[in-house]
There are 6 protein chains.
Amino acid sequence: MKEVISRAIDEDIGSGDITTDNIIKEREEGKGIMIAKEKGVLAGLEVSETVFDLIDPGLKFAAEKEDGELITENDVFAYVRGDIRSILKAERLALNFLQRMSGIATKTRAYVEKIKDYDAKVVDTRKTTPNLRSFEKSAVRIGGGHNHRMGLYDAALIKDNHIKSAGGIREALKKIDDEVSHIKKIEIEVESIEGVKKALEGGADIIMLDNMDLEDMERSVELIGDKAISEASGGITLENIEEVARTGVNVISVGALTHHIESIDMSLDLE
Amino acid sequence: MKEVISRAIDEDIGSGDITTDNIIKEREEGKGIMIAKEKGVLAGLEVSETVFDLIDPGLKFAAEKEDGELITENDVFAYVRGDIRSILKAERLALNFLQRMSGIATKTRAYVEKIKDYDAKVVDTRKTTPNLRSFEKSAVRIGGGHNHRMGLYDAALIKDNHIKSAGGIREALKKIDDEVSHIKKIEIEVESIEGVKKALEGGADIIMLDNMDLEDMERSVELIGDKAISEASGGITLENIEEVARTGVNVISVGALTHHIESIDMSLDLE
Amino acid sequence: MKEVISRAIDEDIGSGDITTDNIIKEREEGKGIMIAKEKGVLAGLEVSETVFDLIDPGLKFAAEKEDGELITENDVFAYVRGDIRSILKAERLALNFLQRMSGIATKTRAYVEKIKDYDAKVVDTRKTTPNLRSFEKSAVRIGGGHNHRMGLYDAALIKDNHIKSAGGIREALKKIDDEVSHIKKIEIEVESIEGVKKALEGGADIIMLDNMDLEDMERSVELIGDKAISEASGGITLENIEEVARTGVNVISVGALTHHIESIDMSLDLE
Amino acid sequence: MKEVISRAIDEDIGSGDITTDNIIKEREEGKGIMIAKEKGVLAGLEVSETVFDLIDPGLKFAAEKEDGELITENDVFAYVRGDIRSILKAERLALNFLQRMSGIATKTRAYVEKIKDYDAKVVDTRKTTPNLRSFEKSAVRIGGGHNHRMGLYDAALIKDNHIKSAGGIREALKKIDDEVSHIKKIEIEVESIEGVKKALEGGADIIMLDNMDLEDMERSVELIGDKAISEASGGITLENIEEVARTGVNVISVGALTHHIESIDMSLDLE
Amino acid sequence: MKEVISRAIDEDIGSGDITTDNIIKEREEGKGIMIAKEKGVLAGLEVSETVFDLIDPGLKFAAEKEDGELITENDVFAYVRGDIRSILKAERLALNFLQRMSGIATKTRAYVEKIKDYDAKVVDTRKTTPNLRSFEKSAVRIGGGHNHRMGLYDAALIKDNHIKSAGGIREALKKIDDEVSHIKKIEIEVESIEGVKKALEGGADIIMLDNMDLEDMERSVELIGDKAISEASGGITLENIEEVARTGVNVISVGALTHHIESIDMSLDLE
Amino acid sequence: MKEVISRAIDEDIGSGDITTDNIIKEREEGKGIMIAKEKGVLAGLEVSETVFDLIDPGLKFAAEKEDGELITENDVFAYVRGDIRSILKAERLALNFLQRMSGIATKTRAYVEKIKDYDAKVVDTRKTTPNLRSFEKSAVRIGGGHNHRMGLYDAALIKDNHIKSAGGIREALKKIDDEVSHIKKIEIEVESIEGVKKALEGGADIIMLDNMDLEDMERSVELIGDKAISEASGGITLENIEEVARTGVNVISVGALTHHIESIDMSLDLE
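Residues numbered from 1 in each chain as written. Chains lettered and ligands numbered in written order. Predicted model: local features only at pLDDT ≥ 70, side-chain atom pairs only at ≥ 80, totals over all residues. Heavy atoms only, no water.

Participant: Account for the overall build of chain A, with residues named and values stated.
Facilitator: When its secondary structure is counted, chain A shows 11 helices and 13 strands. Partitioning the intrachain contacts of chain A with sequence separation of at least 6 by distance along the chain shows that 68% fall at a separation of at least 24. Total accessible area on chain A is roughly 10,500 Å²; 43% of this is exposed by carbon and sulfur atoms. Treating the 37 positive side-chain charges of chain A as one cloud and the 54 negative ones as another, the clouds have centres 2 Å apart. (Helix = DSSP H or I, 4+ residues; strand = E, 2+ residues; numbered from the N terminus. Contact = heavy atoms within 4.5 Å. Areas by Shrake-Rupley, 256 points an atom, 1.4 Å probe, with all protein chains shown as cover. Lys, Arg positive; Asp, Glu negative; His and termini not counted. Charge placed at Lys NZ, Arg CZ, Asp CG, Glu CD.)

This is the structure we're talking about:
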């Protein structure tokens, strides 16, 4: 995390903050107040604290709220005290992380709330911002969601293109079962009841029901029972997630959690 | 650019793509077709080509459209040929860049279109995704917008917090004029007609009219004339940008270009 | 992989190979012959080719044998042609990788051979050389073994210390099942039949039978059936692996594959 | 050193220790006891302390033994106190370093003991694990050995391949003497009495007697006198090192110190 | 800054300071006295403090003088206390930075003094030592000079080669004005009165009078008035800078500040 | 070398060359002519070629002169052909390396010429520019000089501070001889005939005669004979080097070679 943040500091400050360094006196102390300017779920406190700390280890950060808490307009959620030059240099980057992460947590919370009466879990996808995946997946958890795989390395997910190239669901599952480590789960994407059956025969650990209509999905969930984990995927929205959950699927993956990012507005004011 | 992309490849592939490496045969050749699944302005071709190239220099990428072109659902905008394993490993990351950058270009284009009959330029802000600023600012240009400063280093922008700490607009401008390099422009944020007058006296190169109402803004533009560049900022939306442009301001900065990111849906299918 | 090898090149060459650069003429071409000096399973050809390529892209490497093939004393397994200075600078590092990886593959092959009439797989552990894990796990696969998890991130393995701290097997499994991603497998280490039963109740995907005697292990394998994967671990040697396999366990993990490294002797001679 | 260890931490923890983070409570304190499980010479305390420190600067490490001390089964050689999560994340890596380094120190000590009644020094070679050379050379010193050159840069060592290409021992020595810095020593590898004579004429600082029989070696040592340093090399084992030392050579280099690595078994238990 | 210094530490210490580590006892404390051995303007205290701190955070550095102060032979300007090994390892690098930076500050001061009765500013160029630009530009400021642009990114400077390729001064200015961000200044290099006129028409922010004779320069300054900033450039020496300043130019750029580097002699003695 | 150059490219180009990219057309081809503007010894061709190559592998560089050749005003020493944008981006950095390295080679040549009738070698010191040591030491060799040690790691040099702390010359030499690798040379700095005698008794390989007057130096050279290498050091100038050489010392080290850097003026013009 520190390495990503260090690079982001370099990106913003580069050869120096010429405004601050030429206007603000050296070693002038002050206090910055971090304020929400719209409603949402707060996420990113630890990240923003690290931004302040890496820019100046002398800054003292104190959170008034916790990650995962609801904030509304004008809520003060944190303070930062110390050298004003350092506070001003850190301001934009700390906010950029907080606003994006809170945006993701807020959206995740909305999806989770919609299906809170069902057993299904809301999970994310790999449609994350390049190089910020762990930040975004953390925001999803803060919003009450769960994570799908971290990358191509920590689970097998056999998709359409793999099946095509392998010559079928059965062939793909057979091949991977012979080769993949015993500690990795195998998920496969299917589009039909027929596919579900083959996936079960092939011993898949998770079956992704890709863009299935509700009727087929319900049928699939029944077929799967507890022989595998069922996962709904494709075209999930706030409008339809409840009826998807009603089919009984175990997991619902929502790309929009991270590929539509609506930052929550926030600001930092010097007292 | 290559370094950012290399890190993103590591983020996604990590210790290996266990699905692809265990299912797809070594050295099997194929062709991936890149297709738009919704309407927008295409951006990120060069970036995605670099993703493919860094994963496997043997892949051949051929664009059918250019950055900045309009694409609509089902438009094929590029092909990539070569080792199927490599294509599948690159797929998600290439799309993640393309979808985000196209989302930004699309939004920028919408703002630019709204004021195409005015002289004002649409510009971005520093509210960009950490470590992806140059990618996002490039997408803004592809969408027809212009860039504000790249970071804290390439121009002075005296904001509210600086003015407070310096003891006023005049004091802040005086201080910076003595210190800052002759090759750097000086911009100052003001909130009132009074502020505009002081900024002009202080010799600011650019005056940012922050959250001003339209009447004050018009008055300010008149006062400024060609003694400085005028910039409207704060709360700009697709709904109000035209009336802002009508005041005659030279530049309109829009945070939403990069802090609300709506990826354009796209896919890569093996032929 | 390239990054690790580049660093290793820096480690060895540093400010320059003062012997070679002062004795060998510039641009003198030659041919290096890579020869086994003892019996073993060859592993590391791709790595050594990359060493040559990173030191001088003009070098041509041609393998006479393949990774996984048996080599014996005096077998020529590869050639490298080109600038003699470059060949001599690369020699030691290329051999260091090849000798270590071949040592691991050779040892793995010995374990695998011992149980070739059983269904059990030989797998490695996390007792690998710091920063060379992917090289060593690759050598294990070349030798016919399989890989356990790559690190702490790609599967849950609840060990003694975790169980103690959680307050028991049941508690540990419950906790992790609520939290961990649906795509990760859960393995737990148990030492008794009692532990096996609790692990099964808790829904573990893999049950590690740690340092169990053969009788208990057999009993455990029966209890587990196909409700989970059984893994034998602890104190496995070439002498006892066959009787362990005979218990019917699915997987046998062997730390010695990578924590006792006996390099296979090899040399590079200029023709 | 810190950089190598940081990378090794990334290698093992990657996107997170999913077991520990989901089972162990945040901020739970505890104490880890580091225990030898077999006999050997301890090495790597500073390295392992750095592992703990880099993972969590709050951990307190206290060694009960020193590097170079003999340890036997069940000896407690160190404690680490603090956040249990951090201790468990660091455990394997700290042990991986300690076990390997202690393995090397143990083997070195065995060689050194064999010739303790002679003046000869036991030295290592460049047959070290890529990217861990300084750790392994440090372990050799802890075991009572000395180091040969660190890499290709800090001394000239003219080997068989260089001599061939230069056209003879005399030619090679002449060339290098003209070119190499006056602060670098020049060593040359010879295989016969004839070679020794030419090396002496050429003014070599060190003469490596490569794979010579004992008789020739003795003769060579006499010839060399104190005109150069004599070094025995090739095929040195615990069985033959004493008779090699008896020839009067100044230095005996032993590749096996680092290319056969037998880790010493150790464990970390939570109290 | 820390990254540059860390690399420089690696460059000098590499695999270890074999003299110090073998002669000086571990944990022996002492005090190093930093002394000027010739006259000059001190610069680089913060950098040298960072060198000591990165090599050993336990060292205490105390400056007796400030950056920008005049020092003469035998002046003690700083002390460093702590582990003697660490002091000796840091000595050369700390001095290398201090001597170079003080050399630059000293030379800058000489130029600035020469024109202290004029309004013109002395500025540097991009003729700096690769990878040390920010250190050298900082030394220029310490010496009383100002900085020109930091690199190719923070202002436009249209030079001879650009004008040639664009087809003229007017064409070049037109092109760049359409494209470049509103926050960047535009400077153009001209060689004649004619050029000055075209530059003014084209709206340049800064006009560089390149290698102009004094008469033309004076004429140009008059023409420019306060419509742009005038900058004299080319062949400026300590001998001619005063007469250049007399023409009334705003800025005088002096390449020699950084491309002729005369280190100020200094030493570090153990008490 | 590539890494240093890549960082220097980043330093200069940063977020983009806004002048060139906005004025010069994409893919316009041209030819840059590299011209000497003053007399000197050319050095740095390979480095400058690498600058062009890293900025754009499509550029073709052709040298008309060789490193080490004398150049005079108006000599064309190289061409570079290809994309004009790339040539202009590389221009300053390529020249910065060439001008500095040629400055060092020119100065070295002057010293070497002065003593061409003597056997003594001119060598450099560790007073080099941080992070550019290998470039500068290469320029010294191009100018006809030789290199002293590369850093603290490749030879022992016992200086005043070490002797003080060890308690005398004898003690220092004894300590280091016991500990340092047999492949490292040991040099010691002495200031008197007495010191020379102790150094010889202690078995030093090289004896540095620090700031000795000519009479003592001559006496020392006699005493040393061929029992060690003699090195004159301290206060060597173009004026006194010949009389120093006349004393018969083997090596003369000259700090000024690299701590007074007078760049040779050069330019790049588009044809």
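Let us keep going from here.
Participant: Mind laying out the nonpolar core, listing which residues take part and the relevant values?
Facilitator: A:Phe77, A:Leu209, A:Ile252, B:Phe77, B:Leu209 and B:Ile252 are the most contacted members of the largest nonpolar core, which has 165 residues in total. Among residues more than four places away in sequence, those in contact with B:Ile252 are B:Ile115, B:Ala120, B:Lys121, B:Val122, B:Val123, B:Ala232, B:Ile236, B:Ile241, B:Val244 and B:Ala245. (Core = buried A, V, L, I, M, F, W, Y, C linked by side-chain atoms within 4.5 Å. Buried < 20%, exposed > 50% of the residue type's maximum accessible area, 1.4 Å probe, protein only.)

Participant: Which residues make up the relation of the copies chain C and chain D, and what are the values?
Facilitator: Rotating chain C by 180 degrees about the axis while translating it 0.0 Å along that axis superimposes it on chain D, leaving an RMSD of 0.0 Å. The operation mapping one copy onto its partner corresponds to a two-fold rotation axis. Minimal C-alpha distance to the rotation axis in chain C is attained by C:Ile261, lying at 2.5 Å. (Least-squares fit on C-alpha atoms with pLDDT ≥ 70 in both.)

Participant: Quick one: what's the story with helix α9 (residues 214–224) of chain E, residue by residue and with numbers?
Facilitator: Residues and elements named next belong to chain E. Every buried residue of α9 is listed here: Met-217, Ser-220, Val-221 and Ile-224. Buried residues in α9, looked at end-on, bunch into an arc of 100 degrees, giving them a common side. Of the exposed residues in α9, those oriented more than 90 degrees away from the buried face are Glu-215 and Glu-222. Looking at the residues trailing α9, positive phi occurs at Gly-225, about 55 degrees. (Arc of directions from axis to C-beta.)

Participant: Provide a residue-level description of the side chain of D:Ser230, including the pertinent values.
Facilitator: If you trace the backbone, D:Ser230 turns up in strand β10 (residues 229–233). Ignoring anything within four residues of it in the chain, the contact list for D:Ser230 reads D:Ile207, D:Leu209, D:Val221, D:Ile224, D:Gly248, D:Val249, D:Asn250 and D:Val251.

Participant: Explain the interface of chain C and chain D to me, using residue names and the numbers behind them.
Facilitator: In this assembly, 66 residues from chain C lie in contact with 65 residues from chain D. In this structure, the connection of chain C to chain D is made through 44 residue pairs in polar contact (both at pLDDT 80 or more). No other element matches helix α4 (residues 84–114) of chain C, which puts 8 residues into the side of chain C that touches chain D. A per-class count over the side of chain C that touches chain D returns 25 nonpolar, 19 polar and 22 charged. When strand β12 (residues 260–262) of chain C meets strand β12 (residues 260–262) of chain D, the two strands line up antiparallel, connected through 3 bridges. Opposite C:Ile261, over in β12(D), you have D:Ile261 as the bridge partner. (Polar contact = N/O pair within 3.5 Å; in protein donor to acceptor, adjacent residues only side chain to side chain. Nonpolar A, V, L, I, M, F, W, Y, C, P; charged D, E, K, R; others polar. Pairing = 2+ DSSP bridges.)

Participant: Summarise the environment of E:Gly203; cite the residues concerned and give the values.
Facilitator: Here E:Gly203 is to be found in the loop between α8 (193–201) and β9 (206–210). Counting along the chain gives 25 residues from E:Gly203 to E:Ala228, while the straight-line C-alpha distance between them is 8.2 Å.

Participant: Break down the side chain of D:His148 for me, citing the residues and quoting the values.
Facilitator: Mapped onto the secondary structure, D:His148 falls in the loop between α5 (133–142) and β7 (156–158). Look at D:His148 and you get buried, because its relative accessible area is 6%. Of the polar contacts made by the side chain of D:His148, one reaches the side chain of D:Glu187; its length is 3.2 Å. If we skip the residues at most four places from it in the chain, D:His148 touches D:Val123, D:Asp124, D:Lys137, D:Leu157, D:Glu187, D:Glu231, F:Ser181, F:His182 and F:Ile183.

Participant: Can you break down the domain arrangement of chain A residue by residue, with the values?
Facilitator: Residues and elements named next belong to chain A. Partitioning chain A into structural domains gives domain 1 (2–107 + 262–270) and domain 2 (113–259). The C-alpha-based centres of domain 1 and domain 2 are spaced at 36 Å. Facing the 13 residues of domain 1 at the interface are 12 residues of domain 2. In total, domain 1 and domain 2 occlude about 950 Å² of area from one another, counting both sides; carbon and sulfur atoms represent 81% of this. Interface area lost by domain 1 to domain 2 is led by Met-101, Ile-104 and Lys-107, which between them contribute 52%. The interface formed by domain 1 and domain 2 includes 0 salt bridges. Counting across the interface, domain 1 meets domain 2 through 0 residue pairs in polar contact (both at pLDDT 80 or more). Elements supplying a minimum of two residues to the side of domain 1 that touches domain 2: α1 (2–13) and α4 (84–114). Here the side of domain 1 that touches domain 2 takes 5 residues from α4, the largest share from any one element. (Domains from an automatic or database assignment. Buried area = accessible area lost by both parts, 1.4 Å probe. Salt bridge = Lys/Arg side-chain N within 4 Å of Asp/Glu carboxyl O.)

Participant: Account for the sheet that holds strand β10 (residues 229–233) of chain A, naming residues and giving values.
Facilitator: Residue and element names in this part refer to chain A. Here we have 6 strands laid out as an open sheet, ordered β6-β11-β10-β9-β8-β7, and parallel in their pairing. If you trace the sheet from one side to the other, it starts and ends with β6 (121–123) and β7 (156–158), each paired once. When the angles between neighbouring strand axes are averaged without regard to direction, this sheet yields 25 degrees. Examined bridge by bridge, strand β8 (residues 186–190) and strand β9 (residues 206–210) share 4 bridges and lie parallel to one another. When the sheet's bridge partners are listed, Ile-188 is paired in β9 with Ile-207. In this fold helix α7 (residues 169–179) packs onto β7 and β8, with an angle of close to 170 degrees to the strand it touches most, β8. (Axes fitted to C-alpha atoms, helices over the stretch in contact; angles between N-to-C directions.)

Participant: Before we move on, could you go through the sheet that holds strand β9 (residues 206–210) of chain D and cite the residues and values that matter?
Facilitator: Residue and element names in this part refer to chain D. Spatially, 6 strands are ordered β6-β11-β10-β9-β8-β7 in an open sheet, and the strand pairing comes out parallel. Either end of the sheet is taken by a strand with one partner, and the two such strands are β6 (121–123) and β7. When strand polarity is set aside, the average angle formed by the axes of neighbouring strands in this sheet is 25 degrees.

Participant: Could you give an account of unusual backbone geometry, naming the residues involved and the relevant values?
Facilitator: Of all residues except glycine, most have a negative phi; of all peptide bonds, most are trans. In this structure, C:Asn211 is a non-glycine residue whose phi angle is positive, near 50 degrees. Tracing the chain through its elements places C:Asn211 in the loop between β9 (206–210) and α9 (214–224). Under the relative-accessibility criterion, C:Asn211 is labelled exposed at 55%. For D:Asn74, which is not a glycine, the phi torsion comes out positive at approximately 75 degrees. Following the sequence through the fold, D:Asn74 ends up in the loop between β4 (70–71) and β5 (76–83).

Participant: Can you tell me about the packing of helix α4 (residues 84–114) of chain B against helix α5 (residues 133–142) of chain B, naming the residues and giving the values?
Facilitator: Residues and elements named next belong to chain B. Interhelical geometry of α4 versus α5 gives an angle of 45 degrees and a closest axis separation of 7 Å. It follows that α4 is oblique to α5 by the angle criterion. Between α4 and α5 the crossing geometry is right-handed. Between α4, through Phe-97, Met-101, Ile-104, Ala-105, Thr-108 and Arg-109, and α5, the contact on the second element is made entirely by Phe-135, Glu-136, Ser-138, Ala-139, Val-140 and Ile-142. (Parallel < 35°, antiparallel > 145°, perpendicular 65-115°, else oblique. Left-handed = near helix turned anticlockwise from the far one by under 90°.)

Participant: Help me get a handle on the packing of aromatic side chains, residues and values and all.
Facilitator: Enumeration over the complete set of coordinates arrives at 15 aromatic pairs over all chains. Ring plane angle 25 degrees and centroid distance 5.2 Å describe the contact between D:Phe97 and D:Phe135, whose orientation is recorded as stacked. Of this pair, D:Phe97 sits in helix α4 (residues 84–114) while D:Phe135 sits in helix α5, and the two are 38 residues apart along the sequence. Across the pair, D:Phe135 and D:Phe97 agree in class, each one buried. A cation over a ring is seen here: E:Lys31 above E:Tyr79, with NZ or CZ 4.4 Å from the ring centre. (Phe/Tyr/Trp six-rings, centres within 6.5 Å; stacked < 30°, edge-to-face > 60°. Lys NZ or Arg CZ within 6 Å of the ring centre and 35° of its normal.)

Participant: Run through the confidence of the model for chain A, naming residues and quoting values.
Facilitator: On average, chain A scores 96 in pLDDT, and the residues at 70 or more come to 100%. Reported for the predicted complex are a pTM of 0.93 and an ipTM of 0.95. (pLDDT = per-residue confidence, 0-100.)

Participant: Summarise the pattern of salt bridges; cite the residues concerned and give the values.
Facilitator: All names here are of chain A. Taken as a whole and assessed by the stated rule, the structure comprises 90 salt bridges over all chains. Ionic pairing is found between Glu-271 and Lys-31, a salt bridge with its closest N-O pair at 3.7 Å. Here Glu-271, found in the segment after β13 (266–270), pairs with Lys-31, found in strand β1 (residues 29–36); they are 240 residues apart in sequence, far enough to count as distant. A relative accessible area of 66% places Glu-271 in the exposed class.

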